[in-house]
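# Survey of secondary and tertiary structure
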Amino acid sequence: MTDWGALVGPAWAAPGRADDAVDGVVPTSVVRPAGIEQVQAVVRAAVGDRRALVPSGRGAHLDVGAPPARVDVLVRLDRLARVIDHQAADMTVTVETGCSLACLGAALAAAGQWLPLDPPRPEETTVGGLIAADLSGPLRASQGTVRDLLIGLRVVGADGAVVTGGGRVVKNVAGYDLPKLHVGALGTVGVIVEATFKVRPRPAAEEAIVVACRTAREAADAALAVRDSDVAPLWLEVAGAGGLAEGPGEGAALVVGLGGIAEEIAEARACVQRIAESLRLRAAMVSGGTALRARLGAFPVEPAVAVLKAATLPAEVGAVMERIAAAAREQGTAARCLAHASSGVIRAAITEPAAVAPLVQALRPTLERAGGSLTIERAAPTVKRGVEVWGDPGPGLPLMRSVKAAFDPSGVFAPGRYVGGL
Amino acid sequence: MAHERRRHRGQHARVNLGGTGAEQDAPGRCEGARDRGHGGALYTSEDRGYKSVPVLPTALVARLRAVVGADGVIDRPEALLVYECDGYTLERAAPEVVVLPRTPAEVGAVLRILAAVQVAFVPRGAGTGLSGGTLPIAAPVMICTSRLDRIETIDVPNRRIVAQAGVVNQWVSTAVRAHGLCYAPDPSSQPACTIGGNVAENSGGPHTLKYGVTTNHVLGVELALPSGELVALGGAVEDRPGYDLVGLVVGAEGTFGVVTRATLRLVRLPAAHRTLLAVFDSVDAASEAVSGIIGAGIVPAALEMMDRLIIQAVEAAFKIGLPTDAGAVLLIEIDGPAAGLDEHAARATAVCRTSGVREIRVARDETERAALWKCRKRAFGAVGRLAPNYCTQDGVVPRTRVPEIVRIIAEVADRHRLRIANVFHAGDGNIHPILLFDERDRDEVARVRAAGRAILEACVALGGSLTGEHGIGVEKVAEMPLLFTPADLLAMARLRAVFDPEGRANPHKIFPDAKVCVETRVPRRQAAV
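Bear in mind the structure is a predicted one, so any value in this text is a computation, not a measurement. (Residues numbered from 1 in each chain as written. Chains lettered and ligands numbered in written order. Predicted model: local features only at pLDDT ≥ 70, side-chain atom pairs only at ≥ 80, totals over all residues.)

## Side note on the sheet that holds strand E3 (residues 53-56) of chain A
Residue and element names in this part refer to chain A. In spatial order, the strands read E1-E2-E4-E3; together these four strands make up an open sheet with mixed pairing. Strand pairing shows two members of the sheet lacking a second neighbour, strand E1 (13-15) and E3, which therefore form its edges. Neighbouring strand axes in the sheet, compared pairwise and without regard to direction, differ in orientation by 20° on average. In this structure, strand E2 (residues 29-31) lies alongside strand E4 (residues 73-76), joined through three bridges in parallel fashion. Residue pairing across strands places Ser29 opposite Val73, the latter belonging to E4. (Pairing = 2+ DSSP bridges. Helix = DSSP H or I, 4+ residues; strand = E, 2+ residues; numbered from the N terminus. Axes fitted to C-alpha atoms, helices over the stretch in contact; angles between N-to-C directions.)

Laid out in structure tokens, this is it:
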């Protein structure tokens, strides 16, 4: 047995409990290192003793991905939680990866700035989890995703050395763009301990407009009309039947988020109303756009047996939402759908366990043939066991295997969680 | 997986950090190539000890010709002169042969021929690069993408375009302008530079502050691996599961293979612009305005600064009416929906006044906007009148450190008895000192190199980087250890070996020419499952 307590102090190493489970797999041990040196020591010991290691923050997103082959040690980074350096005038922030998004957000808000990434559960989501699971929310429509905002990383690699990729400046092409390797990699190529992001000024105000539509396709078409207008939406969501708690029941809805100074918002609001009228649709203002955005952003973690994530081209969103609804009907159930309309990302919440595998089988081939994907974003471990979580990652898979072999030669980093069994 | 790992264990190869593991036995190795590494100074190719000895067998050239056609192979010495350098002219080296494939498949066929005989190659687009990334060093074959010039698909509803590597950057925006769209990255060389080159260098441009650089707009690439295999990475749809290999290929400077086509994201043309030219007495005052504008929560589309020497050169060349005693001018452009632009422009103006602006000119229409931009876009041309040669440096500092780096650049210029003009992307902290010289003066050339290094050292010391958009190429390989530890470089070498285990793709770029050989496992490509 590896003596983890000797590395991090006996008080910070404990046997794993049921609520430490990674997608149903309970870790043998849980360690909470106090700093980068201790993370290095833990990684060296794991590699030396061939112990499977899964990095974790506060555990909010450990059910993303395939269940790991085994977990000998869960490395919780919640003690590496400092905001190291917020340079407001440079619009950059360097932060330890155990820091929660809520905590980081509070530090940035003091300077009127934000890291415009809005995944669910900001209180429980750490910066490391944000990067490793490539989390995003409605704001990606205008602000991009982690890969667009991350400019530097420090990572503990399989040899225990700390590797720095990128830097702290907003524009930098020195050497390979190593931070990209770790975005969405679920900790399979190293333990991320520090990150630097570009930050942006937070809009002076935010509001939302809900446009009631008869069908998802109508809402998706209206979304593209808004995208192609002078509105410049901050975010743009399309909800299918039941996708929006306060929404129009059996119908669908387009929800447009607006941000900026009063004059910008007023003009954009008028523009959305004109578009709605021209399509014979009814638009209603929602005060507190930020709160509505947070509710929509929480869709992936709302109670459901499984949340599927389909990715397609923006112009296909309406058609794919209809296909999902039809496939669910065939399985004798219903799927609530919500889409990031301009990104082509659709989520479907399924409530019937037996319907998940047949739905994946029905939907995945068509999406993949068109260059898209269908992944099981979240599901109970029992449901995941019966179906492939990731689908086909495409012709890059052999290169991905080589990447994994190059950065994790002994296969200790989160084995089995990633695409192709990596 | 376990079985495969066992099978491959023990396959060790000595990989030089310079990525030249195969060079010693490969045809095309250069005389003296093993005697390099004289501690940090910059060299001309000859100084480096490279003296290319023609070694490509005639039969090999004939096979290349059979693939790309008689007009697709250039091997007459006088015709090769064009290819002996790119926009970085301090070093020159001609390839033995330039191959111009007409299709991605031909790129693959050419690479398969080279792979069979272990010959190294260098990819090249339009040759507008500024760091010597296309300089053929120990790489006898240059693969030029200029005949891969087709825009393959334009998808307006989804805002995507698929362009072959040799498509010129500006053609992309021109092709979609009628649909109200454009391709955002706009490097100064955009009338000539290619998409393939942009992908290799992760190119920027004046509008990156708001719109991002190449990597933010490339969704997919087709990469011809050094083995000759074509592999499609990413694609038109976002969020494909798996490692972000596209993000790694962008900015790899051609060391992973040859990018043959790319799927690009298009953005909406801004509905309106407000373009202002603010004249300041000093760079300090202009920098204070830059910080003030950012601090006020305004994200301009561009925020470009030019110093006195540039102003004087531009004025002498183009008579725009700039005050030649000004210390700096700031070009500020704000774009987006028309509503609110006046308010943003008014706030930017107020910030400039607080910072002691001397004069603000506001473009009233597109003609006046073009006139204000002319002063920025023609800066390099104007500098050409000041000296027979110039070398554009590219460094980055946190934007609040711009006044410090400008002061340091002035000291460096004094110390090395050089004239250095400054034009830079102030909003990004991306500086472009232009070092003036006469290439016939060997001593002055040496001082230009020393001054360039001193400026880069200062950038790193201020928390910045060696390059914001030009790349490392050959120009800055010696400076890489200023920024990266051996562990960082080893991680990069491991990544390189995934794509190019034999080190035949654009050797001697990016990685410092240290004589350190590291023991690293070269994972063999495994069959797809």
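## Brief notes about the environment of Arg385 of chain B
Residues and elements named next belong to chain B. If you trace the backbone, Arg385 turns up in the loop between helix H13 (379-383) and strand E17 (389-392). The exposed category is assigned to Arg385, around which 10 C-beta atoms lie within 10 Å. Sequence separation of Arg385 and Ala313 is 72 residues, and the distance between their C-alpha atoms is 7.4 Å. Discounting residues that sit within four places of it in the chain, Arg385 has contacts with Ala313, Ala316 and Ala317. (Buried ≥ 20, exposed ≤ 12 C-beta atoms within 10 Å, placed from the backbone. Contact = placed C-beta atoms within 7 Å.)

## Regarding the sheet that holds strand E3 (residues 97-99) of chain B
As a general point, the strands of a sheet are linked pairwise by backbone hydrogen bonds and lie either parallel or antiparallel. Residue and element names in this part refer to chain B. Strands sit in the order E2-E3-E5-E4 across an open sheet of four strands; the sheet is mixed. Each of the sheet's edge strands pairs with one partner strand only, and the pair in question is strand E2 (73-74) and strand E4 (121-124). Bridge count between E4 and strand E5 (residues 141-144): four bridges; the pairing is parallel. Opposite Arg124, over in E5, you have Cys144 as the bridge partner.

## Examining the domain arrangement of chain A
Residue and element names in this part refer to chain A. When its domains are assigned, chain A resolves into domain 1 (4-78), domain 2 (83-201), domain 3 (205-297) and domain 4 (299-385). The C-alpha-based centres of domain 2 and domain 4 are spaced at 28 Å. Contacts between the two partners involve five residues from domain 2, matched on the other side by five residues from domain 4. (Domains from an automatic or database assignment.)

## Quick notes on the packing of helix H9 (residues 283-295) of chain B against helix H14 (residues 402-415) of chain B
Residues and elements named next belong to chain B. At a minimum axis distance of 9 Å, the contact between H9 and H14 shows a crossing angle of 155°. Taken as axis vectors, H9 and H14 run roughly antiparallel relative to one another. Viewed along their axes, H9 and H14 form a crossing whose handedness is right-handed. Seen from H9, the contacting residues are Val283, Asp284, Ser287 and Val290; seen from H14, they are Val402, Pro403 and Val406. When its residues are assigned to classes, the contact of H9 with H14 shows five nonpolar, one polar and one charged. (Parallel < 35°, antiparallel > 145°, perpendicular 65-115°, else oblique. Left-handed = near helix turned anticlockwise from the far one by under 90°. Nonpolar A, V, L, I, M, F, W, Y, C, P; charged D, E, K, R; others polar.)

## Here we look at the interface of chain A and chain B
Each partner contributes to the interface: chain A provides 74 residues, whereas chain B provides 78 residues. Every element with two or more residues in the side of chain A that touches chain B is listed here: helix H6 (146-149), strand E9 (162-166), helix H7 (179-182), strand E11 (200-201), helix H9 (262-278), strand E19 (373-379) and helix H14 (397-407) of chain A.

## A look at the packing of H14 of chain B against helix H15 (residues 442-461) of chain B
Describing two packed helices takes the angle between their axes plus the distance from one axis to the other. Residues and elements named next belong to chain B. Where H14 contacts H15, the axes come no closer than 10 Å and their chain directions differ by 155°. Considering the angle they form, H14 stands roughly antiparallel to H15. Considering only the axes of H14 and H15, their crossing is right-handed. Two secondary-structure elements touch here, H14 through Ile405, Ile408, Ile409, Val412 and Ala413 and H15 through Ala451, Ala454, Ile455, Ala458 and Cys459. Along the lines of polarity and charge, the residues of the contact of H14 with H15 split into ten nonpolar, no polar and no charged.

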